[in-house]
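Take a look at the letters that make up each chain.
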Amino acid sequence: MQPTDIGNPDYFHKVVDCQWACPAHTPVPEYIRMIAAGHYADAYMVNWKSNVFPGILGRTCDRPCEPACRRGRVEEEPVAICRLKRVAADYKGDVGPRMPAPAAAPNGKRIALVGAGPASMTVVRDLAPLGYHCVVFDGDARAGGMIRSQIPKFRLPEEVIDEEVGYITRLGPEMRLGQRVDSLKALLDEGYDAVFVGSGAPRGRDLPIPGRQEAATNIHIGIDWLSSVSFGHITKIGRRVIVLGGGNTAMDCCRSSRRLGGEDVKVIVRSGFEEMKASPWEKEDAIAEDIPILNYLVPKEFKHDNGRLYGMTFEKVKAEYDARGRRQLVPTGEPDQFFECDDVLVAVGQENAFPWIERDIGLTFDDRWDMPEVDEVTFQSTHPKVFFGGDAAFGPKNIIWAVAHGHAAAISIDRFCQGEDLRERPPPGMLVSSQKMGIHEWSYDNAVSLDLRYKVPHREKLQALKDIKAEVELGFDPELAYAEAQRCLNCDVQTVFTDNLCIECDACVDICPVDCITFTRNGEEAELRTRLNAPAQNLTQEIYVSGTLKTGRIMAKDEDVCLHCGLCAERCPTGAWDMQRYLIDVAQAGAACCSK
């Protein structure tokens, strides 16, 4: 193997598993250390620069960072990264003076944005400080998109949305709220330099089975129903409620139903419990509120009496797998199951709807899903002036992906308007700095906490169910936040090896608690991985390989199991090992979104 190029920004980026897994690449260990030090405003601004909505995401993110957390390799539960993000938002104080100011002068370019959701607002946040005149269109009277309309207030209070959307609207975009776009052609004819489509996936899938039309009065599409609840148009529901679907929307529907009068609320899913798309914590919260989840039941018919819904029948199925491991649901042959209900909420998926985009303006749609063809790097469509992001680009995902799309699209729009090549992406910034203060002292706390993951306090159940706006999760207080922050293994503080200082005493090998360091002869990667003190079996994480040492051997370190504990650097008598903090600054449009 060739010596590892640690100057490549992606090398250590991949080692910081949580940051690498985050679509917006938030520097997680960096802000967790700030929280542990009580520097909440600093932690908030680190978050704000990359993920834009720390208080919102600290309550609602799908947390792709947590399954990747290195803590999860040494015990069952990862660090509560998402809930620590909320801590920064809850205790930050006034960060208004630290936000970027509106552009001093316009640059003469006008950008139209369709939808005021997280993707569009991220584009505005990146482009407005650069002097772009951003015009945001949305059919709703308030900005936020699905953040405001589809996430229940008991999960995400209105004032959090107002605050974090407000940081963006203060940058001076023209907000045309309550103004729906009915024609992309007409919008382009207004002479905008570029158009960004961040309209989400606004249509919930229906369930066309017998009885659907006859009993339509009491059968509701989940996302539409949640919007009506959010805006106060619906304030009650029947006593017996069935929610169809296994995603997070279904969990929001069933929990909202409990707060609007539903006493007998159940979720019925065609798949198994483990295969449900809902996040594990969403399922746990629903079950904790006495909502049963029934699996492997396929809807067959809405039962009604002259249009009055009174129940549903389901076919019992089981999962079978073919030789390729593909799952198929097959009937068990058991009798159909019947459940009484007064209302049904259909939350079986969302899809895109673009009736307002003409098909003769040079914008190509695919034949399979009727989705616009969008470049996955530049987010540009086949019409050079039109860019997509969020759910509108590649179908429903989540908020953090919408933010990541917004950042990438903003870079492209900026380069497009300046006449530059969109595919030449600006490189990230990278800083690697030694954390050494003395022979065995570091500028960070490298003691590994043995504590298990701390539980986030919740509002008492009976009290929570009485008020649909009462936030259920109460968040960590500073003391719990400090204890949870101490569980972080500081994966961004890297073990950096200088081969010409090594005397091959093997002291680092002896002291390593996870046997991740090996001195051995070189070889091809596949073969070398088998000869390490602990065989390196995770092929997705690279091996750190030194140059040839005096004895002809090399040092090989398995990045997958290293705990970044620093014992190798403390034990090394020559300073060949050092602990160096790695910080990557993922590129954004211009430099306008850096905090002051």
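Here is what the cut-offs are and how they apply
Residues numbered from 1 in each chain as written. Predicted model: local features only at pLDDT ≥ 70, side-chain atom pairs only at ≥ 80, totals over all residues. Heavy atoms only, no water. Buried < 20%, exposed > 50% of the residue type's maximum accessible area, 1.4 Å probe, protein only. Helix = DSSP H or I, 4+ residues; strand = E, 2+ residues; numbered from the N terminus. Contact = heavy atoms within 4.5 Å. 1 Å grid on protein atoms, 1.4 Å probe; cavity = no way out; pocket = protein on both sides within 12 Å on 5 of 7 lines; lining within 4 Å. Points joined across faces, edges and corners; volume = space filled by probe spheres on them. Nonpolar A, V, L, I, M, F, W, Y, C, P; charged D, E, K, R; others polar. Domains from an automatic or database assignment. Disulfide = S-S within 2.5 Å. Buried area = accessible area lost by both parts, 1.4 Å probe. Pairing = 2+ DSSP bridges. Axes fitted to C-alpha atoms, helices over the stretch in contact; angles between N-to-C directions. Polar contact = N/O pair within 3.5 Å; in protein donor to acceptor, adjacent residues only side chain to side chain. Right-handed = clockwise from strand over helix to strand, strands pointing away. pLDDT = per-residue confidence, 0-100. Parallel < 35°, antiparallel > 145°, perpendicular 65-115°, else oblique. Phe/Tyr/Trp six-rings, centres within 6.5 Å; stacked < 30°, edge-to-face > 60°. Lys NZ or Arg CZ within 6 Å of the ring centre and 35° of its normal.

*Asks:* Describe helix α3 (residues 28–36), listing the residues and the values that go with them.
*Replies:* Taking burial as the measure, the nine residues of α3 include seven buried ones, the bulk of the element. Inspection of α3 places Val-28, Pro-29, Glu-30, Tyr-31, Ile-32, Met-34 and Ile-35 among the buried residues, and these make up the whole buried set. Check the buried side of α3 and you find it contacts α2 (17–21), α4 (40–51), α7 (81–90), α18 (478–485) and β22 (577–585). In the stretch just after α3, Gly-38 is the one whose phi turns positive, near 80 degrees.

*Asks:* Got a sec to walk through unusual backbone geometry? Specific residues and values, please.
*Replies:* Unlike most non-glycine residues, Phe-379 shows phi in positive territory, near 65 degrees. As for its position among the elements, Phe-379 is in the loop between β15 (350–351) and β16 (386–388). Within the chain, Asp-506 stands out as a residue other than glycine whose phi angle is a positive 65 degrees. Summarising the element assignment, Asp-506 is placed in the loop between β18 (493–497) and α19 (507–511).

*Asks:* Got a sec to walk through the layout of surface pockets? Specific residues and values, please.
*Replies:* One number sums up the size of the second largest pocket: a volume of about 1100 Å³. If you go around the second largest pocket, you meet 38 residues; those closest to its centre are Pro-23, Ala-24, His-25, Val-586 and Ala-587. Listed by contribution, the elements that provide at least two residues to the lining of the second largest pocket are α1 (9–15), α2, α3, α4, α16 (399–417) and β22. No other element matches the six residues that α16 contributes to the lining of the second largest pocket. When the residues that make up the lining of the second largest pocket are grouped by side-chain class, the tally is 24 nonpolar, seven polar and seven charged.

*Asks:* Account for empty space enclosed by the protein, with residues named and values stated.
*Replies:* One pass over the structure, following the stated rule, counts six cavities of 30 Å³ or more. In terms of lining residues, the largest cavity is bounded by Arg-59, Arg-83, Arg-86, Phe-154, Arg-155, Arg-255, Trp-281, Glu-282, Asp-285, Glu-471, Val-472 and Glu-473. Among the secondary structure elements, those contributing two or more residues to the lining of the largest cavity are α7 and α14 (280–288). Within the lining of the largest cavity, the residues separate by chemical class into three nonpolar, no polar and nine charged. The residue makeup of the lining of the largest cavity includes at least three contributed by each of domain 1 (17–98 + 446–485) and domain 3 (204–348).

*Asks:* Outline the state of the cysteines, supporting the account with residue identities and numerical values.
*Replies:* For the structure on display, the rule yields zero disulfides. We note that Cys-341 lacks a disulfide partner, and the nearest cysteine sulfur, in Cys-253, lies 14 Å from it. Cysteine Cys-491 shares no disulfide, and the gap to the nearest cysteine sulfur, in Cys-18, comes to 5.8 Å.

*Asks:* Before we move on, can you summarise the domain arrangement of the chain with the specific residues and values?
*Replies:* Where interface size is given, it is often the accessible area lost as the parts come together that is meant. By domain assignment, the chain separates into domain 1 (17–98 + 446–485), domain 2 (110–202 + 352–417) and domain 3 (204–348). Facing 26 residues of domain 1, the contacting portion of domain 2 comprises 24 residues. Between domain 1 and domain 2, a total of about 2200 Å² is buried, with carbon and sulfur atoms accounting for 69% of that surface. Among the residues domain 1 hides against domain 2, the three largest losses belong to Pro-23, Phe-53 and Ile-56. Together they make up 28% of the total.

*Asks:* Can you explain the sheet that holds strand β9 (residues 293–294)? Please cite residues and give values.
*Replies:* Spatially, β6-β14-β7-β8-β9 is the arrangement adopted by the five strands of the open sheet, whose pairing is parallel. Single-partner strands in this sheet number two, and they are β6 (219–221) and β9. Here strand β8 (residues 264–268) runs beside β9; their pairing, made up of two bridges, is parallel. Paired with Ile-268 across the bridge in β9 is Leu-294. Strands β6 and β14 (343–346) of the sheet are contacted by helix α12 (residues 222–230), whose axis makes an angle of about 85 degrees with β6.

*Asks:* Quick rundown of the environment of Val-344? Include the residues and the values.
*Replies:* Tracing the sequence through the fold places Val-344 in strand β14. Judged by relative accessible area, which is 0%, Val-344 ranks as buried. Residues Val-344 and Pro-396, spaced 52 residues apart in sequence, show a C-alpha to C-alpha distance of 23 Å. The residues touching Val-344, leaving out its near neighbours within four places in the chain, are Asn-218, Ile-219, His-220, Ile-242, Leu-244, Phe-302, Leu-309 and Met-312.

*Asks:* Residue-level account of the pairing of strand β19 (residues 517–520), with values.
*Replies:* In β19, alternate side chains face the same way, and those of Ile-517 and Phe-519 on one face and Thr-518 and Thr-520 on the other are all buried. Both β19 and strand β21 (residues 554–558) contribute to a ladder of four bridges, which runs antiparallel. In the sheet register, Thr-518 faces β21, and the bridge partner there is Ala-556.

*Asks:* Now, about the side chain of Arg-148: what can you tell me, with residues and values included?
*Replies:* In this fold, Arg-148 is placed in helix α9 (residues 146–149). Polar side-chain contacts of Arg-148 include one of 2.4 Å to the side chain of Glu-158. Discounting residues that sit within four places of it in the chain, Arg-148 has contacts with Arg-142, Ala-143, Lys-153, Glu-158, Ile-161, Asp-162, Ser-230 and Phe-231.

*Asks:* Describe the pairing of strand β1 (residues 110–114), and please don't skip the residues or the numbers.
*Replies:* Burial runs high along β1: four of the five residues are buried. Alignment of β1 against strand β2 (residues 133–138), held across five bridges, turns out to be parallel. Its bridge partner being in β2, Ile-111 is matched across the sheet by Cys-134. Note on the crossover from β1 through helix α8 (residues 118–127) to β2: the handedness is right-handed.

*Asks:* Any details on the confidence of the model for the chain? Residues and values, ideally.
*Replies:* Here the chain shows a mean pLDDT of 94. Residues at 70 or above account for 99%. Per-residue pLDDT stays below 50 along residues 592–596; that stretch engages in 16 contacts with residues further than four places along the chain or on separate chains.

*Asks:* A description of the environment of Gly-211 should follow, citing residues and the corresponding values.
*Replies:* Following the sequence through the fold, Gly-211 ends up in the loop between β5 (203–204) and β6. C-alpha separation for the pair Gly-211 and Phe-302, spaced 91 residues apart in sequence, amounts to 4.7 Å. Residues within four places of Gly-211 in sequence aside, it is in contact with Ile-219, Phe-302 and His-304.

*Asks:* Please set out the packing of α8 against helix α10 (residues 158–169) residue by residue, giving values where relevant.
*Replies:* At a closest axis distance of 9 Å, the pairing of α8 and α10 adopts a crossing angle of 40 degrees. When the interaxial angle is binned, α8 and α10 end up oblique. In this structure, α8 contributes Met-121, Val-124 and Arg-125 to the contact, and α10 contributes Val-165, Ile-168 and Thr-169. Counted by class, the contact of α8 with α10 contains four nonpolar, one polar and one charged residues.

*Asks:* Describe the packing of aromatic side chains, naming the residues involved and giving the relevant values.
*Replies:* Here the distance between the centres and the angle between the planes together describe a pair of aromatic rings. In the structure shown here, the tally under the stated rule is 15 aromatic pairs. An angle of 70 degrees between the planes, with centres 5.8 Å apart, marks the rings of Phe-387 and Phe-416 as edge-to-face. Here Phe-387 is found in strand β16, whereas its partner Phe-416 is found in helix α16, with 29 residues between them in sequence. If you follow Arg-110 out to its NZ or CZ, it ends over the ring of Tyr-192, 4.2 Å from the centre.

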